[in-house]
Amino acid sequence: MTVAPITLPTVDEYDYAAGPVDRDAVLASIIRAGGVVIRNAVSPEAIAQMEKDFRPFIEKDKKWEGTFFPPTTRRVSGLVGKSRTFTNEVVAHPVYWDITHKILTTTFKCWVGDEMTENVSQPQLSNTIVFSIGPAGDEAINQALHRDDIVWHKNNVACTPEEWTNERECTLGWFIAGKPTTKQNGATRFIPGSHLWDTSIPPDEKLAYYAELQPGDGLLLLASAYHGGSANRTTDQERLVFSCFTGKGALKQEENMYLAIPQDVVKEYPVELQRFFGYQLSAPFGNWVNFEDPMIYPGAGAAGASYAYTALALGGDSPTALVRNGQTTQNFDMWATMLFNALDNSIEPRKTGVMEASKMAAFRTMGGLPVSPYFQNYGLPVYVECIGAETTTGSSKSPLTYRGWCTFLLHKIQANPPQAWSQINAAAVALNVQPRQHLAITDLPSFPDPSAQARETMFMSRCSQLAAGAWSGGLVGGLGGVGGGAFGGVGQVGAAHGSGGHGGDAMKILGSVLKIGVNLSGQNAAGFSGFGN
């Protein structure tokens, strides 16, 4: 039998209330230790609301029969259907959402005939559980240390943090304390670094780290690490934790979400969350309904035909929504102003009071979006014309005014809400913007706005015209990396076939920057990504 390593990594802590949390640093900490603590991840108000939502179900749960959980453990599952606060504040928490997608998004390449295809599978919610461990005094017992990836019969060989890849992982857990959790009252414990062990190595209790948390603190934990609930040796304390695990899209969900969440409740959530619950295609062919993506197949259950335009495209019902009834809100003004000022103060030329191309390019880059070499002279001016954004001189090549910036930001939000949500949060982290509260995905519209998509169509048409001009006359349009993903195929053709003469060179360049379009497999057939994908 292999012996466990003696030296264990430390468990890092980050304070969500102290400012934007560096996602890359969190990821590195998780890869090294298997888990990380996020202090002040959820507000006291949200904690109180979740306990109110779940307490009746906790009280109804029967005593656990068996040995896997301590006898005083009570559980509640199907949490998405029982608490919108839990879904918004825990499942869709920006840090958890980002780290989940960094670790659990998978790309698979395979030959289909004579074509090498690349297929991306996005993560999905795997389980949701409230754990309430009651006091048991001297009779309290630990839950046995275990790995949750045993659900998928997963075996790993030993590796170093430098050798780690996401192929080792199945799910990522997120435990939020509802009450103080201590070693004495049953805090979750895990063995740091055990996610890097060979699975033949058994757990050793002497190596366990106890994640002692205050209400609102969170523990991010890989399912491949040994962990377990602990004995509540107190006589008067409840250990209360709200948790969820997210898994790879190509794996079966641990909790059957299609039965656990009532379909009428699923319909109330934004499209991006519906997909996250499991109503999505795992490329290339997983989870289809009648050979269709469940999100676009009419009659596919809860989420069927979700891309049909409804009033929800005009804005969400969240109290902190950025857009409501098609109009921007005070919260939109706050975010627009913070981002504008932060970009103006951080990106050259600084403190000009306007939004030059350099700042617009930086905003894209911070959100993980590419910027073509022709962004300033071609892509951005054409886009500004298409969305009608105000500039300092009226020329589309001039810097945007603050009003023009607001027009641009509103268009992004309406054209592709999930992408805008991700980009805004990423930019806030990069710029060290500290809002009063984090931006939830439910603060954005649930569906794209057809008017915004029409503007994307206009932009794509301009791309097409300039691409044709580049082919025949050698004009380098250079619009790639600006518009939506519908031109992905055109870009690939241009990159592959642009050759010979100035016209061919121009088309090759144009193709190379256009081929960043979205992979439409399992996505909205419209394929528009709102000023770049």
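For the structure, check the block above.
Since the model is a prediction, treat every value here as computed from it, not as a measurement.

(A) Unusual backbone geometry, seen in detail. A cis geometry characterises the amide bond from Ala283 onward to Pro284, with omega recorded as 10°. Residue placement: Pro284 occurs in the loop between helix 7 (271-277) and strand 13 (323-324). Residues Glu348 and Pro349 are joined by a peptide bond in cis, for which omega reads -5°. With respect to the secondary-structure elements, Pro349 resides in the loop between helix 8 (330-346) and helix 9 (357-366). In this structure, His153 takes a positive phi of about 55° despite not being glycine. Along the chain, His153 turns up in the loop between strand 6 (124-133) and strand 7 (171-177). Residue His153 is classed as exposed on the basis of its relative accessible area of 72%.

(B) Examining the pairing of strand 7 more closely. For strand 7, a buried count of seven out of seven residues is recorded, marking the element as mostly surrounded by other parts of the structure. Side chains of strand 7 alternate between two faces, with Thr171, Gly173, Phe175 and Ala177 and Leu172, Trp174 and Ile176 buried alike. Here five bridges tie strand 7 to strand 10 (residues 218-222), and the two strands are oriented antiparallel to one another. Bridge pairing in strand 10 places Phe175 opposite Leu219.

(C) Spatial organisation of the pattern of salt bridges. Tallying each qualifying case throughout the model produces 18 salt bridges. Note that Glu51 is salt-bridged to Arg55, the shortest N-O span being 2.7 Å. Remark: Arg55 and Glu51 occur in helix 2 (residues 44-60); sequence separation between them is four residues, near one turn of the helix. Close ionic contact of Glu118 with Lys109 constitutes a salt bridge, the shortest N to O distance being 3.7 Å. Taken together, the salt bridges that share partners define one network made up of Glu51, Arg55, Glu59, Arg74, Lys179 and Glu238.

(D) How the structure looks around helix 3 (residues 84-91). Within helix 3, six of the eight residues are buried, leaving the element largely enclosed by the surrounding structure. For helix 3, every residue scored as buried is listed here: Thr85, Phe86, Thr87, Asn88, Val90 and Val91. Turning to helix 3, the residues buried within the fold contact helix 2, helix 4 (94-104), strand 6, strand 7, strand 12 (239-247) and helix 7.

(E) Looking closely at empty space enclosed by the protein. Applying the stated criterion across every chain, the model contains three cavities of 30 Å³ or more. Looking at the second largest cavity, its volume works out to about 40 Å³. Lining of the second largest cavity is provided by Pro270, Val271, Glu272, Pro417, Pro418, Ile441, Leu444, Pro445 and Ser446. Contributing elements (two or more residues each) for the lining of the second largest cavity: helix 7 and helix 12 (417-431). Its residues assigned to classes, the lining of the second largest cavity comprises seven nonpolar, one polar and one charged.

(F) Geometry of the sheet that holds strand 2 (residues 35-39). With mixed pairing, the seven strands of this open sheet are ordered in space as 1-2-10-7-12-6-3. The sheet is open, and its two edges are formed by strand 1 (13-15) and strand 3 (73-77), each paired on a single side. Each neighbouring strand pair of the sheet contributes to a mean axis angle of 20°, computed without reference to strand direction. The pairing of strand 6 with strand 12 spans nine bridges and is classified as antiparallel. Within strand 12, the residue paired with Asn127 across the bridge is Phe245. Sheet strands in contact with helix 2 are strand 3, strand 6, strand 7 and strand 12, and its direction is about 95° off that of strand 12.

(G) Structural detail: the nonpolar core. Grouped together as the largest cluster of nonpolar side chains are 96 residues, with contacts concentrated most on Ile38, Leu220 and Trp405. If one sorts the elements of this core by residue count, helix 8 sits on top with eight residues. Those residues in contact with Leu220, other than ones at most four positions away along the chain, are Val26, Ile30, Gly34, Gly35, Val36, Ile38, Val95, Tyr96, Leu172, Gly173 and Trp174. Ranked by size, the runner-up nonpolar core spans 13 residues in total, among them Ala177, Leu213, Val241 and Phe245.

(H) Geometry of the sheet that holds strand 8 (residues 189-190). With antiparallel pairing, the three strands of this open sheet are ordered in space as 9-8-11. The sheet is open, and its two borders are formed by strand 9 (209-210) and strand 11 (227-228), each paired with just one other strand. Relative to strand 9, strand 8 is paired through two bridges, and the arrangement is antiparallel. In the strand pairing of strand 9, Arg189 is matched with Tyr210.

(I) Looking closely at the pairing of strand 4 (residues 106-112). Judged from the seven bridges that link them, strand 4 and strand 5 (residues 115-121) form a sheet pairing that is antiparallel. Across the sheet, residue Val112 finds its bridge partner in strand 5, namely Glu115. Where strand 4 hands over to strand 5, the hairpin turn is made up of two residues, of which Gly113 adopts a positive phi near 65°.

What counts, and where the lines are drawn
- Residues numbered from 1 in each chain as written.
- Predicted model: local features only at pLDDT ≥ 70, side-chain atom pairs only at ≥ 80, totals over all residues.
- Heavy atoms only, no water.
- Helix = DSSP H or I, 4+ residues; strand = E, 2+ residues; numbered from the N terminus.
- Buried < 20%, exposed > 50% of the residue type's maximum accessible area, 1.4 Å probe, protein only.
- Pairing = 2+ DSSP bridges.
- Salt bridge = Lys/Arg side-chain N within 4 Å of Asp/Glu carboxyl O.
- Contact = heavy atoms within 4.5 Å.
- 1 Å grid on protein atoms, 1.4 Å probe; cavity = no way out; pocket = protein on both sides within 12 Å on 5 of 7 lines; lining within 4 Å.
- Points joined across faces, edges and corners; volume = space filled by probe spheres on them.
- Nonpolar A, V, L, I, M, F, W, Y, C, P; charged D, E, K, R; others polar.
- Axes fitted to C-alpha atoms, helices over the stretch in contact; angles between N-to-C directions.
- Core = buried A, V, L, I, M, F, W, Y, C linked by side-chain atoms within 4.5 Å.

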